[in-house]
Amino acid sequence: MNFGLNDEQREIQATAREFLSARFTPEKVRELAEARAYDDAIWTEISRLGWPGIAVAEEDGGQGLGLIELVLIAEQSGYALAPTPLMSTWNAALFLAEGSDDQRARWLPGVASGETRAAAAFDGRTERAVVPDADGAAVLLLSAGEDSARVVDPSEATIEPLDLIDTTRRYFKVSADGGEEIPGDADDAANRACVALAAELTGVAARAMEMAVAYAKEREQFGRAIGAYQAVSHRCAQMLYDVEESRSLTYYAAWTAGAEPESLPLASSMAKARASDAARSVTAAALQVFGGIGFTWEHDLHFLLKRAWVSAELLGTARQHRDRVASLVGLD
Amino acid sequence: MDLTLTETEAAFRDEVRGWLEANNPGEEPRSGTGNWIEFATDWQRALHAGGWAGISWPAEYGGRGASLIEQAIFSEEMGRAKAPRPANLLGLVMGGPVVIAHGTTEQKERYLEPILSAEEIWCQGFSEPEAGSDLASLKTRAVKDDGGWRVTGQKVWTSFAQYSKWCMLVARTDPEAPKHKGLTYFLLDMEQDEVEVRPLRQITGEAEFNELFFEGAWIPDENVVGGVGNGWNVAITTLMNERAGLGASAALGLRIGLDELVEMINEAGLGGHPGVREHVAKLQIGIEALRLGALRTLTATMKTGIPGPEGSISKWEWADLNQDMTAFATDVLGIEGLAWGEEWSHRLLRSQANSIEGGTTDVLKNIVAERVLGLPRLR
């Protein structure tokens, strides 16, 4: 029994942390968020690192690593609040991996290399589904009803922009008839996508916590650092409690995907529910620690808070996942 | 990352499980009842004979030098089998490890074997009426006398005192020294007239704990552990041992409770109620988070060798979860769930101590804030 990372995984984590913090400085994130844009040059670098295809099989042109490695990058991507199409790419790739030989051969090598942009629905709707990064995608993955998904040609879809409070990612509503059904296990792909998003949410929460704790150490009121007051320090302790629960459940879910797939449905719903709650409550608590400055546009915290709320809503809310958990633990 | 047991670990688990299947004596009599001590002593003798008493102790002292993982497996299996507590729980978990870490050769020879065999029961004299969370402010005095010490003062929340031969006593030996420095750790013989044990009735109606009164109780010099004035450091060792590895077995206890609860809910036809579903799922997620967090901590501790302050989060989670679960269960059961002496009403009442015993949740939050997050101390 060993619930830790191996050397290769630690290296992936460290590389992601370093690369993303160097590229996505707070100023850069703000610039992109205010422009609702991505940086193509950084995407090229990300593609060279092999991240789009990190969990795509080698025979499909990917790195052939597992969901654990993907989750480590996703967490760091949330931590950096990196405006990129990574999450949509991963989600699409997870569904494409369940595709027929033809579907996989046609799309996956390009998606894995970062050259072909793909996007996937982040809700179960068949009409007007929420699809981040749908514009400019060469292929769309949409729901085909309960437990099934389809590959859709974007030229046959109606794509409308969807302006949400989170501007660090680009959202769209997509409607399309037809498409080509994916023969594999769409449910499994959806579970994996939930774990990836839970990792992003964990990273968002961890970043907000770090910012709040650093501020609580330096901000002085009534003659001492506010972090010395228990009303503030206990709020910070609660943030760590939330972040660590979220992280434990997310890593565990990622592990089940490869090692114990029968546990993935329950594990992925637990992770997504917990991470959604954690990201929302920790970013809100961080704003409270910052006080008035945290409510200003000038401060960076609101970008995290907004991403937390939107990601919490995607791929099923905490409440929906808890309902699934209740069934999976045996409530009639 | 591999959350399955290795072959060796699985073999260890099977060995424990097989032994427990053959030897588990079943549910213990309610604590405080007259026959508990005989029952629990017999049980500990059986454990000792099987080589399962003090498994974390090094083999040279009669233990098995079990790794942290093996200790966690052992606790989990004990929980799964609903095996009762051994009579000398505190001797095994705290007394022995302290003597091994800080005791003299003579002390090791004198005390360790009778702890394992339950021939001598141990209790812990730390808390006082005016020294709870602020343990280092304790007032019980030990004054130097010819060849030993005379102790005067009061302790409280002392489990097993009525059965104990030895009390792990922390007393103030230097009232002039700063509060953490003037303390000494003693082994006090409970069998003397100068020690009085009074049961302390708690809100469940039982008396799991006692008050201790010392009126010039005698401790010979050779019963100092770890040196005069070093009591705080020695006491901290026992508290570390108390919290290490608690998480995994605590999560298992909760898991067993939640399984029962799910059955009760289904029997009551409440499984489709959205509020009930939401609450069950929150408990499920919390219990899994506790279990997994404990395993992460365990892995980290195996690497560093030192239990870190992160264990404080496990204790805090456990108290939250058990209180939430017992309150929810009594909601599900309705007024009958509050009948005196019923299983869940008893658990509900008992759980109210969970956020106090072994470190209050409020103090655990301070520990997390100061020692994990590095926030300034309020002084």
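What counts as what
- Residues numbered from 1 in each chain as written.
- Chains lettered and ligands numbered in written order.
- Predicted model: local features only at pLDDT ≥ 70, side-chain atom pairs only at ≥ 80, totals over all residues.
- Helix = DSSP H or I, 4+ residues; strand = E, 2+ residues; numbered from the N terminus.
- Rg over C-alpha atoms; globule rule 2.2 N^0.38 Å.
- Buried ≥ 20, exposed ≤ 12 C-beta atoms within 10 Å, placed from the backbone.
- Contact = placed C-beta atoms within 7 Å.
- Pairing = 2+ DSSP bridges.
- Domains from an automatic or database assignment.

Attention now moves to the overall build of chain B. Scanning chain B for helices and strands turns up eleven helices and eight strands. The C-alpha radius of gyration computed for chain B amounts to 21 Å, which stays within 12% of the reference 21 Å derived for 379 residues, consistent with globular compactness. Projected onto the principal axes, the alpha-carbon positions of chain B cover approximately 70 × 50 × 45 Å. Considering chain B as a whole, with its 379 residues, one finds that 41% of them fall into the buried category.

When you go through chain A residue by residue, the secondary structure sums to eleven helices and nine strands. Taking 20 Å as the expected radius of gyration for a compact globule of 332 residues, we find that chain A reaches 19 Å, a close match to that expectation. The C-alpha extent of chain A, read off along each of the three principal axes, is 70 × 45 × 40 Å. When burial is assessed residue by residue, chain A has 56% of its 332 residues classed as buried. Considering only intrachain contacts with a sequence separation of at least 6, the fraction spanning at least 24 residues in chain A is 69%.

Once that is clear, we can look at the pairing of strand S6 (residues 172–176) of chain A. All names here are of chain A. The alternating pattern of S6 places Phe172, Val174 and Ala176 on a buried face, while none of Lys173 and Ser175, on the opposite face, is buried. Judged from the two bridges that link them, strand S2 (residues 129–130) and S6 form a sheet pairing that is antiparallel. Bridge assignment links Val130 to a residue of S6, and that residue is Lys173. Note: strand S5 (residues 157–161) against S6, five bridges, orientation antiparallel. From the neighbouring strand, Pro161 faces S6, where its bridge partner is Phe172.

So, on to the sheet that holds S5 of chain A. Here three strands make up an open sheet; going across it, the order is S2-S6-S5 (chain A) and the pairing antiparallel. With partners counted over all chains shown, the strands left at the sheet margins are S2 and S5 of chain A, one partner each.

Let's shift gears to the domain arrangement of chain A. All names here are of chain A. Domain parsing of chain A yields domain 1 (7–186) and domain 2 (189–328). Of note, the centres of domain 1 and domain 2, computed from C-alpha atoms alone, are 21 Å apart. At the level of secondary structure, the elements contributing two or more residues to the side of domain 1 that touches domain 2 comprise helix H2 (26–35), helix H4 (67–79) and helix H5 (86–96). Top element by residues in the side of domain 1 that touches domain 2 is H4. It accounts for ten residues.

Turning our attention to the interface of chain A and chain B. Listed by partner, the interface residues are 40 residues for chain A and 38 residues for chain B. Top element by residues in the side of chain A that touches chain B is helix H8 (residues 230–259) of chain A. It accounts for 15 residues.

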